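# Fold and contact review
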Amino acid sequence: MSPTRAPFLGDLELAVMNHLWAGGKGEAKDVHRAIGRRRRITLNTIGSTLKRLFEKGLLRRDKVSHAHIYSARVTRTEFHQQVLRDVVHTVMDGESGAMLAAFVAVAEQVGPKELKRLENLVAKRLRAHNKEDS
Amino acid sequence: MLGVVQMGLLAWLLFAALVSATLVTLYPLLRSRIATLSPEFRATVLRWLAMLPAVGGLCLALLCFAPAAARGIFPDLDHCTYHGDGHLHFCMTHLSDNMGAMVGWLVVVGAGLFFVVSASQVLIRFRYSHRLVQQLACTASFDSKIGAWLVDSNAAFAMTTGVVGPKTLLSRGLTRALSPRLLAAVIAHERAHEIRNDSFWKLVIGVLSLAHLPVTRRAILGDIEFACEQACDEEAGAQVGDRVCVAEALLAVQRSRRDPRFGLAALSFGAQGVVCRVESLVSSRNTVTWSPRITRRLLCVGALVLCALADPMHHLAETLIGLLVS
């Protein structure tokens, strides 16, 4: 995926991408039929959204006759992986500060010897626990 | 009236600076005592310490108006009669000649700008990370069996995100790496973050702690984060009925990070948090916990101290602001 970071997608942009990833047709009127009508959005709005997604590097655009046909440039998995990488890097750089609380901070990596020591400590505690119970 | 507002703001700034400067020396000494408190108690104490310069400075500034306010109720109680000429009067009835001095306004506006710029940076970072994680959350599907949002990723992670209506996100990699028992401990830990509204408090404290000097701010915020993690570990231990199970889950997640199947490159940043948390969970250390008796005692002592301090604070503010604007 060409952008260094995954671009932010709004609600409508995500809906359009999900439609295309699901194999939906990429002409503006087809996308409008599939998701625009339900949301009471005009064809122009769908057209603008497709254009924006193309400018963000997420869609390919081919001209067929007078119409533009859009298709996804990245797969759903690739996009999700890029988003996840961005989340990881944001946490590592300490930028996010606080919007999320991770069970184990991504940046933390216990060394193998220390990990073994802690696992032995836990095992010892569990044995003592079981002895008390029996 | 404008002059009174200016004096009030200057007093707030001066007292905030005094409290902040005091904590630079005091905090390293207090840290070891604070570490003996239970995680929940410790997190609360640290939050108040983080907000102390801003909130404490404001309270002291308001306290300075108490003698003048008392004169409004008891007119015979004129505390200003022994002031000499030219002394700044910090009250609403005796307005001084140097009220509204330019220097005063420059200091107030300068400090205000600094605060707005710093707070904006904090909020922009929050907003960015919020949008980022919301993007991740959009790719997740809710699993009613587990009761959390599942992200389609091989990486092993669990996180709680969001200030309003926080959500717990788990990766499929994590659900594959952990047994149901350990997964329950992880989910209980993340639920505890949701219930405690840790993200909301982090945002509030992130802004209010700006009145601290950077070195103290970094230390306190780091300690708060650690205390919150430990508090959630204890809550998870209580939910699953076994604190050692939470310790096992922590180690299992660490172990899974080393498994190439579960992705996420190792990022060597130090692992002190996990080591301390595991050791704390497997030990049966006694810690000081909060009780209503402590609250009552603190409130009584606080009220007495405030009454005693009102007049000295009033005169201290007059002296300090007088030095600044003259």
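As a reminder, the structure under discussion sits directly above these lines.
Description of the structure in this document. (Residues numbered from 1 in each chain as written. Chains lettered and ligands numbered in written order. Predicted model: local features only at pLDDT ≥ 70, side-chain atom pairs only at ≥ 80, totals over all residues. Heavy atoms only, no water.)

Counting its regular elements, chain B contains 11 helices and 4 strands. Considering chain B as a whole, with its 326 residues, one finds that 47% of them fall into the buried category. Considering only residue pairs separated by 6 or more positions, chain B has 71% of its internal contacts joining residues 24 or more positions apart. In the structure as shown, chain B presents an accessible area of about 16,300 Å², 67% of it carried by carbon and sulfur atoms. (Helix = DSSP H or I, 4+ residues; strand = E, 2+ residues; numbered from the N terminus. Buried < 20%, exposed > 50% of the residue type's maximum accessible area, 1.4 Å probe, protein only. Contact = heavy atoms within 4.5 Å. Areas by Shrake-Rupley, 256 points an atom, 1.4 Å probe, with all protein chains shown as cover.)

Our focus in this paragraph is the overall build of chain A. On a plain count of helices and strands, chain A comes out with 5 helices and 3 strands. Going from N to C terminus, chain A has its helices and strands arranged as α-α-α-β-β-α-β-α. Residue burial in chain A is summarised as follows: out of 134 residues, 43% are buried. Here the analysis covers contacts within chain A between residues at least 6 apart in sequence; of these, 53% occur between residues at least 24 apart.

Moving on: the environment of Val-64 of chain A. Along the chain, Val-64 of chain A turns up in strand S1 (residues 59-64). The spatial distance from the C-alpha of Val-64 of chain A to the C-alpha of Glu-27 of chain A is 9.7 Å, given a sequence separation of 37 residues.

Another aspect to go through is the pattern of salt bridges. Residue and element names in this part refer to chain A. Counted by the stated rule, this structure contains 18 salt bridges over all chains. Measuring nitrogen to oxygen at the nearest pair gives 3.5 Å for the salt bridge that ties Asp-11 to Arg-39. With Asp-11 in helix H1 (residues 11-21) and Arg-39 in the loop between helix H2 (28-36) and helix H3 (43-55), this residue pair connects regions lying 28 residues apart in the sequence. Overall, the relative accessible area of 34% leaves Arg-39 in the partly exposed class. For Lys-51, the salt bridge goes to Glu-55, with nearest N and O atoms at 3.8 Å. (Salt bridge = Lys/Arg side-chain N within 4 Å of Asp/Glu carboxyl O.)

The description of two packed helices rests on the angle between their axes and on the distance between the axes. Residue and element names in this part refer to chain B. Closest axis-to-axis distance for the helix H6 (residues 180-196)/helix H9 (residues 243-257) pair is 9 Å, and the angle between their directions is 95 degrees. On the basis of the axis angle, H6 is roughly perpendicular to H9. Contacts between H6 and H9 involve Arg-181, Leu-182, Ala-185 and Val-186 from the former and Cys-245, Val-246, Glu-248, Ala-249 and Ala-252 from the latter. (Axes fitted to C-alpha atoms, helices over the stretch in contact; angles between N-to-C directions. Parallel < 35°, antiparallel > 145°, perpendicular 65-115°, else oblique.)

A separate point is a nonpolar patch on the surface. A cluster of nonpolar side chains, contributed by Leu-13, Val-103, Val-107 and Leu-324 of chain B, occupies part of the molecular surface with about 250 Å² of accessible area. On the basis of relative accessible area, Val-103 of chain B is assigned to the partly exposed category, the value being 38%. (Patch = residues over 30% accessible without salt bridge, like charges linked within 9 Å, V, L, I, M, F, W, Y side chains within 5 Å.)

Here a ring pair, both rings aromatic, is described through the centre-centre distance and the interplanar angle of the planes. Counted under the stated rule, the structure contains 3 aromatic pairs over all chains. Taking the centre distance of 5.7 Å and the plane angle of 45 degrees together, the rings of Trp-21 of chain A and Phe-79 of chain A count as tilted. Of this pair, Trp-21 of chain A sits in helix H1 while Phe-79 of chain A sits in helix H4 (residues 76-92); the two residues are 58 residues apart in sequence, bridging distant segments of the chain. For the pair Trp-21 of chain A and Phe-79 of chain A, a shared accessibility class is recorded, and that class is buried. For Arg-61 of chain A, the ring lying beneath its charged end belongs to Phe-54 of chain A, and the centroid distance is 4.2 Å. Positioned over the ring face of Trp-149 of chain B is Lys-167 of chain B, at 4.4 Å from the centre of the ring. (Phe/Tyr/Trp six-rings, centres within 6.5 Å; stacked < 30°, edge-to-face > 60°. Lys NZ or Arg CZ within 6 Å of the ring centre and 35° of its normal.)

A few words now on the side chain of Thr-216 of chain B. If you trace the backbone, Thr-216 of chain B turns up in helix H8 (residues 214-240). Residue Thr-216 of chain B is classed as buried on the basis of its relative accessible area, which comes to 4%.

The next thing to look at is the nonpolar core. One finds Val-16, Leu-50 and Phe-79 of chain A together with Leu-136, Met-159 and Leu-169 of chain B to be the most contacted residues of the largest nonpolar core, which totals 36 residues. Residue assignment for this core shows that the elements contributing at least two residues are H1, H2, H3 and H4 of chain A together with helix H4 (102-138) of chain B. The greatest single-element share of this core, amounting to 7 residues, is contributed by H1 of chain A. Look past the residues within four positions of Leu-50 of chain A in its chain and what remains in contact with it is Val-16, Leu-20, Gly-26, Ala-28, Val-31, Leu-59 and Tyr-70 of chain A. Core analysis: the second largest hydrophobic core is formed by 33 residues, Leu-178, Ala-236, Ala-249 and Leu-250 of chain B among them. (Core = buried A, V, L, I, M, F, W, Y, C linked by side-chain atoms within 4.5 Å.)

Here we come to the environment of Ser-179 of chain B. All names here are of chain B. Note on placement: Ser-179 falls in the loop between helix H5 (172-177) and H6. You can call Ser-179 partly exposed: its relative accessible area is 31%. Separated by 22 residues in sequence, Ser-179 and Phe-157 place their C-alpha atoms 14 Å apart.

Residue and element names in this part refer to chain B. Taken as a whole, the second largest pocket encloses approximately 980 Å³ of empty space. Surrounding the second largest pocket, 22 residues form its lining, Trp-48, Leu-52, Gly-56, Leu-298 and Gly-302 being those nearest its centre. At the level of elements, helix H2 (39-64) and helix H11 (292-325) are the ones that each hand at least two residues to the lining of the second largest pocket. Examining the composition of the lining of the second largest pocket, we find that 11 residues originate from one element, H2, more than from any other. Of the residues contributing to the lining of the second largest pocket, the split by class is 18 nonpolar, 4 polar and no charged. (1 Å grid on protein atoms, 1.4 Å probe; cavity = no way out; pocket = protein on both sides within 12 Å on 5 of 7 lines; lining within 4 Å. Points joined across faces, edges and corners; volume = space filled by probe spheres on them. Nonpolar A, V, L, I, M, F, W, Y, C, P; charged D, E, K, R; others polar.)

The subject of this paragraph is unusual backbone geometry. Phi at Ser-65 of chain A takes a positive value of approximately 60 degrees, unusual for a residue other than glycine. Along the chain, Ser-65 of chain A falls in the loop between S1 and strand S2 (67-72). A relative accessible area of 63% means that Ser-65 of chain A is categorised as exposed. Positioned with a positive phi, Asn-197 of chain B is a non-glycine residue whose angle comes to about 55 degrees.

Residues and elements named next belong to chain B. Among the secondary structure elements, Thr-168 is positioned in strand S4 (residues 167-171). Taking relative accessible area as the criterion, Thr-168 reaches 3% and is therefore assigned buried. One polar contact links Thr-168 to Glu-194, side chain to side chain, over a distance of 2.5 Å. Leave out the neighbours within four places in its chain, and Thr-168 touches Ala-148, Trp-149, Met-159, Thr-160, Glu-190, Arg-191 and Glu-194. (Polar contact = N/O pair within 3.5 Å; in protein donor to acceptor, adjacent residues only side chain to side chain.)

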